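Coordinate analysis (summary)
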Amino acid sequence: MAFISRVQPAIRVHLCSSVAILLLLLLIPAQAQTELRFTLTGDPKSFNPLLADDDNETTVLYLTAGQLIRINRLTQTPEPDLADSWKISPDRKSITFHLRPNVTFSDGTPFTADDVAYTLRTVTDPKLNSPHGDTFPPATKSQINSPNSITVIFPTPQTGVEANFDQLPILSAKSPLKEKAVLGPFALSQYNPGVDLLLKRNPHYWKKDSTGHQLPYLESVRLYIQQNNEIRYARFRRKEIQLINNLDPANFKRLTQESPAEAIDSGPSLDVEFLWFNQVPTAPIPDYKRAWFQSRNFRLAISEAINRADLCRIVYQGYATPALGPFSPANAFWFNRALPPQTFDPAAAIKLLESEGFHLQNNELHDKSGHLVEFSVITNAGSKNREGMAILIQQDLKKLGIRLNIVTLEFKSLLERLTKTSDYEAALLGLVNVDLDPNGQMNVWPSSSPQHAWNPNQKSPATPWEAEIDRLMQVQASAPDLAKRKAAFDRVQQIVRDQVPYIYLVNRNKLSAVSASLKGVHPAKLFPETFWNIDQISFK
Amino acid sequence: MKIAAILILTLIFLASLAPVSYDQQSRESISSPPSKQFPLGTDDVGRDRLSRLLYGTRISLLLAPCAALVTLLIAATIGITAGFTGGWWETLSMRVTDLFLSLPWLFLFLIIRALLPLNTTPILSLILTFLLMGFLGWAPAARVIRSAVQQFRAADFVLQARACGCPEHRIWIHWLAPRLRGILITQFFLSIPIFILGEASLGILGLGVSEPMPSWGNLLRELTTAPPLTQYWIFAPVALLILVMTSFQLLLPSRE
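Quick look at the structure, then. (Residues numbered from 1 in each chain as written. Chains lettered and ligands numbered in written order. Predicted model: local features only at pLDDT ≥ 70, side-chain atom pairs only at ≥ 80, totals over all residues. Heavy atoms only, no water.)

Comments concerning the overall build of chain B
Cut-off, in case you're wondering: Strands are runs of DSSP state E lasting at least 2 residues, helices are runs of H or I lasting at least 4, and numbering of each runs from the N terminus. Only protein chains enter the accessibility calculation, which uses a 1.4 Å probe. A residue is then buried if its area is under 20% of the maximum for its type, exposed if over 50%, and partly exposed in between. When checking whether two residues touch, look at their non-hydrogen atoms; a contact exists if any pair is within 4.5 Å. All accessible-area figures derive from a Shrake-Rupley calculation using a 1.4 Å probe, and residue coverage is judged against the displayed protein chains alone. Here Asp and Glu are counted as negative and Lys and Arg as positive; His is not counted, and neither are the chain ends. A single reference atom marks each charge: NZ on Lys, CZ on Arg, CG on Asp, CD on Glu.
Helix and strand content of chain B: 10 helices and zero strands. Ordered by position from N to C terminus, the α and β elements of chain B give α-α-α-α-α-α-α-α-α-α. Expressed along its principal axes, the backbone C-alpha trace of chain B runs to roughly 80 × 40 × 30 Å. In chain B, buried positions account for 49% of the 256 residues. Across chain B, contacts joining residues at least 24 apart in sequence account for 71% of those joining residues at least 6 apart. When the accessible surface of chain B is summed, it comes to about 12,300 Å², and 71% of that surface belongs to carbon and sulfur atoms. A gap of 8 Å separates the mean positions of the 18 positive and 13 negative side-chain charges of chain B.

Structure (structure tokens):
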């Protein structure tokens, strides 16, 4: 008191009011947290759901959009969503949906078959160039049977068609808010470019839990824009965010030491890292190098010389498994379980190379014409894991006398070389598989495809095995019988394994960070791993 | 100053004492702490940090002066001719200098680097990285040299020499060149740390010297994963970088 009486009256007033505010804050009961926070790696380029393409846009889409069928991310099977039932015609040329009654968009506009027809018309409009439109064949039509029933008619028989509707956000045909009217659990409320997005609970969301409680449980979701992995991890540790999808192995390891209960390893993911050689006939590379790259034995020798176990153990700190092919064992149905494990056998690699006329000269490998075996591999700058893999592969190949030059490029110039100029020798990249069905890879395997990376846009298949893959992909895309489709794609996986156009390296594990304050989170291997059931997530 | 010079020279020659080759991987000792075998531990693919640091230091300390020399040659040619001749050449060369000064050189560097042939060996990529920096970094020095030449050209002693009938080449050799020497040497020593830091910045972005060649840039990259302070040995490249930068600053005043 003596101290208080000695201070200036004005300061005394400030002191007393500060203490009073502090006491008041302590007395107010703590409000339950209802805002989930996590991050995007960048600003979404568009909020039009039909134009959602990259991870950031797809995240917003997943949180806000409604769709007819939802693939359950844990069981990997289709489940009713806005359509409470559906039926595929025996000729597989149409699918009829029965729509859930009494559903409204976030602005109160009723949801009817008109909205589905409008969405299909818009998404297949070539002028829009929607990435979701690619999954529907041209001339796909719709026929409204009643306000709650619609039939989608395809020009040719379709397989695995349910998955296409999982990724089709339904727009409103009548709402004045256009694409801002949504059917998902949240609606966009606020966007501060470069800072954050605020999504607020959709009051008209149709779903209720088993006790009849209106979903979602959360009041809002805030998505911070944060590109840097380290800052994201630091913010998670400071409890500023509650979820991280795709945590990198180093930070995951740290989390297992600092807070093991919050570190979730969902096992091998669908994502695959691989290396391939440029076999494009017109690529600006020397003919003798093209001849190496077109040699199956050369590619197989490189594959045999790579120590994949070390890639998993060293680069991914044990959170990865050697990849066997285009699909990982995480794809429960389509993965070919008959594929043998990848072998690490430098002696076999040398024999394969010798069979092609390669020989060692002063500890350096030369081809039959005497050219030193040296090539470059390009990968994207800033990817620590890919650079780490390239460094280990460089050392593995050095043991065979092969010189590998690692070139890291900024992503746009990398894509320019891969897709436009074909000015590269080998590339190391990864594929994020979002589609379980091999139909999702119809843009990769057919030899005429622009994304047939090792030799795209072929007028006719360059090799007999590519011709066989073309035929098998058509079979798997059109066969009525699922077993027949599976057999065809199993054979594709086997051919790819035998001919090694892609040298598959690792399937990294799905690693996530989930705050202990949350309940209802069941991380899956499919996107969007931790929040696929966002409407059922809540705080403890 | 002498101590600084000795330190830099010592660092250049220390690489020959590196315990193992900079690219030798001990795959059973990944990210290991300091030990007898690895005095600064190993990196995340099992390479000896000390060896890489010593090699990386030598590379930066040898190639940054080479890049500085390239810069100085270009800057001196442009600065001296512009300052001495004046007229349209001065206007043209100074506008080009302004253009180079206003360019975001990091992006320019990335564009040029993307256009270079891919199949370059690590040592060639290293030389190209520093040479490119040398070719792109001449503008500030050119402007300083041109100002100095302009000042000297109008100085009383030059006017007096001309009035006495002294030929131009004699004025150059006996009066201007000795005065420019100090400026050129200062610009040379100023450029070296800029290029060392430039390479370090590119390395941190993963766009500098190719693996497995070590450089301060790719050694410093490890720090971008925010290692705990208890792993003090990871900070050795930073300590050495600060030491070398300070040494170059100490070398400057006496030269000036």
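From this point on, the discussion continues.
Concerning the overall build of chain A
Helix and strand counts for chain A come out as 15 helices and 22 strands. By residue count, 54% of the 540 residues in chain A fall in the buried class. Counting contacts in chain A only where the partners sit at least 6 residues apart, residues at least 24 apart contribute 68% of the total. Surface exposure of chain A reaches about 24,000 Å², of which carbon and sulfur atoms provide 56%.

What to know about the interface of chain B and chain A
Selection rule: Defined here as a combined quantity, buried area equals the accessible surface (1.4 Å probe) lost by two parts on assembly, summed across both. Between Lys or Arg on one side and Asp or Glu on the other, a salt bridge is scored when a side-chain nitrogen of the former is within 4 Å of a carboxyl oxygen of the latter. The term polar contact refers here to a pair of N or O atoms within 3.5 Å; inside protein, the definition further demands a hydrogen-donor-capable atom paired with an acceptor-capable atom, and it admits residues adjacent in sequence only when both atoms are side-chain atoms. By the convention adopted, Pro, Cys, Tyr, Trp, Phe, Met, Ile, Leu, Val and Ala count as nonpolar, Lys, Arg, Asp and Glu as charged, and the other residues, Gly among them, as polar.
Taken together, the 28 residues of chain B in the interface contact 34 residues of chain A. Approximately 2,400 Å² of surface area, both sides summed, lies buried where chain B meets chain A, with 47% of it carried by carbon and sulfur atoms. Of all residues in chain B, R27(B), L118(B) and N119(B) give up the largest surface area on contact with chain A, accounting jointly for 32% of the area buried on that side. At the boundary of chain B and chain A, one finds five salt bridges. Residue D310(A) is joined to R27(B) by a salt bridge in which the shortest nitrogen-to-oxygen separation is 2.9 Å. In this structure, the connection of chain B to chain A is made through nine residue pairs in polar contact (both at pLDDT 80 or more). With three residues, helix α4 (residues 105–115) of chain B is the single largest residue contributor to the side of chain B that touches chain A. Its residues assigned to classes, the side of chain B that touches chain A shows 11 nonpolar, nine polar and eight charged.

A closer look at helix α10 (residues 308–315) of chain A
All names here are of chain A. With six of eight residues buried, α10 lies mostly within the body of the structure. All of the buried residues along α10 are R308, D310, L311, C312, I314 and V315. Where α10 starts, the residue carrying a side-chain oxygen 3.3 Å from the main-chain nitrogen of A309 turns out to be N307. With its phi angle positive at about 50°, Q317 sits one or two positions after the end of α10.

Section: the side chain of E162(A)
Residues and elements named next belong to chain A. Its place among the elements puts E162 in helix α5 (residues 161–166). Of the side chains with opposite charge, R485 lies nearest to the buried E162, which makes no salt bridge, at 7.6 Å. Setting aside chain neighbours within four positions, we find E162 in contact with I69, P78, W86 and I88.

Overview of the nonpolar core
What counts here: Only buried residues count toward a nonpolar core, which is a set of Ala, Val, Leu, Ile, Met, Phe, Trp, Tyr and Cys residues joined through side-chain atoms within 4.5 Å.
By size, the foremost hydrophobic cluster in this structure holds 44 residues, and its most contacted members are F277(A), F298(A), I302(A), F375(A), I393(A), I402(A) and L505(A). Tallying contributions element by element places helix α12 (residues 384–398) of chain A first for this core, with six residues. Setting aside anything within four residues of it in sequence, one finds I402(A) in contact with I302(A), L353(A), L365(A), V373(A), F375(A) and L397(A). L40(B), L63(B), A200(B) and I234(B) belong to the second-largest nonpolar core, a separate cluster that totals 42 residues.

Details of the environment of Q394(A)
Relative to the elements of secondary structure, Q394(A) occurs in helix α12. A residue is classified by how much of its surface remains accessible, and Q394(A), at 8% relative accessible area, is buried. For the pair Q394(A) and P456(A), spaced 62 residues apart in sequence, the C-alpha to C-alpha distance is 27 Å. Residues within four places of Q394(A) in sequence aside, it is in contact with L404(A), I406(A), E211(B) and P212(B).

Topic: the environment of W206(A)
Residue and element names in this part refer to chain A. Structurally, the position occupied by W206 is in the loop between β9 (196–201) and β10 (220–225). Overall, the relative accessible area of 18% leaves W206 in the buried class. Excluding residues within four positions of it along the chain, W206 makes contact with D81, L82, R100, V103 and L183.

Brief notes about the packing of aromatic side chains
Worth spelling out the cut-off: Stacked, tilted and edge-to-face are the three classes assigned to paired rings of Phe, Tyr and Trp, where Trp is represented by its six-membered ring and a pair needs centres within 6.5 Å; plane angles under 30 degrees give stacked, over 60 edge-to-face, the rest tilted. Either the NZ atom of lysine or the CZ atom of arginine qualifies as a charge over a ring when it sits within 6 Å of the ring centre and within 35 degrees of the ring normal.
Within the structure shown, the criterion is met by 40 aromatic pairs over all chains. Chaining the aromatic ring pairs together yields one cluster made of F274(A), W276(A), Y424(A), W445(A), W454(A), W465(A), Y502(A) and Y504(A). Above the plane of the ring of F333(A) lies K486(A), whose end atom (NZ or CZ) is 5.9 Å from the centre. The cationic tip of R179(B) hangs over the ring face of F157(B); the distance from NZ or CZ to the ring centre is 4.1 Å.

Notes on the state of the cysteines
All names here are of chain B. Quick reminder of the rule: Disulfides are defined in this document as cysteine sulfur pairs within 2.5 Å.
Overall, the coordinates contain zero disulfides over all chains when judged by the stated rule. Looking at the unpaired C164, the closest cysteine sulfur is the one in C166, lying at 8.0 Å. Given a relative accessible area of 66%, C164 falls into the exposed group.

Concerning the packing of helix α14 (residues 464–478) of chain A against helix α15 (residues 482–499) of chain A
All names here are of chain A. Stated formally: Axis definition: a line fitted to C-alpha atoms, limited for helices to the stretch in contact. Angles are taken between N-to-C directions and run from 0 to 180 degrees. Reported orientations rely on four angle classes, namely roughly parallel under 35 degrees, roughly antiparallel over 145, roughly perpendicular from 65 to 115, and oblique for the rest. Each crossing gets its hand from how the near helix is turned against the far one by less than a right angle, where anticlockwise is left-handed and clockwise is right-handed.
One can describe the packing of α14 onto α15 by two numbers: an axis separation of 8 Å at closest approach and a directional angle of 160°. Classified by the interaxial angle, the pair formed by α14 and α15 is roughly antiparallel. Of the two possible hands of crossing, α14 and α15 adopt the one that is left-handed. Residues W465, E468, I469, L472, M473, V475 and Q476 of α14 touch α15, and the partners they reach there are R485, A488, F489, R491, V492, I495, V496 and Q499. Considering only residue class, the contact of α14 with α15 consists of 10 nonpolar, two polar and three charged.

Description of the pairing of strand β18 (residues 403–409) of chain A
Residue and element names in this part refer to chain A. Under the convention used in this document: The pairing criterion is simple: DSSP has to find at least two bridges between the two strands. Here, the term right-handed applies to a crossover whose path from the first strand over the helix to the second runs clockwise when the strands point away from the viewer.
Counted residue by residue, β18 has six buried out of seven residues, so it is predominantly covered. Bridge count for strand β17 (residues 374–380) against β18 is seven bridges, and the pairing is parallel. Each bridged residue has a counterpart across the sheet, and for N380 the counterpart in β18 is L409. A crossover links β17 with its parallel partner β18, the connecting element being α12, and its sense is right-handed.

Re the sheet that holds strand β5 (residues 94–99) of chain A
Residue and element names in this part refer to chain A. Across the sheet, which stays open at both edges, the four strands sit in the order β4-β5-β7-β6 with antiparallel pairing between neighbours. Because the sheet does not close on itself, it has two edges, and the strands there are β4 (83–88) and β6 (141–146). On average, adjacent strands in this sheet sit at an angle of 20° to one another, irrespective of strand direction. In terms of strand pairing, β5 meets strand β7 (residues 149–153) through five bridges, oriented antiparallel. Bridging across to β7, I95 finds its partner in V152. On the sheet, helix α4 (residues 113–123) packs against β5, β6 and β7 and is oriented at approximately 175° with respect to β6.

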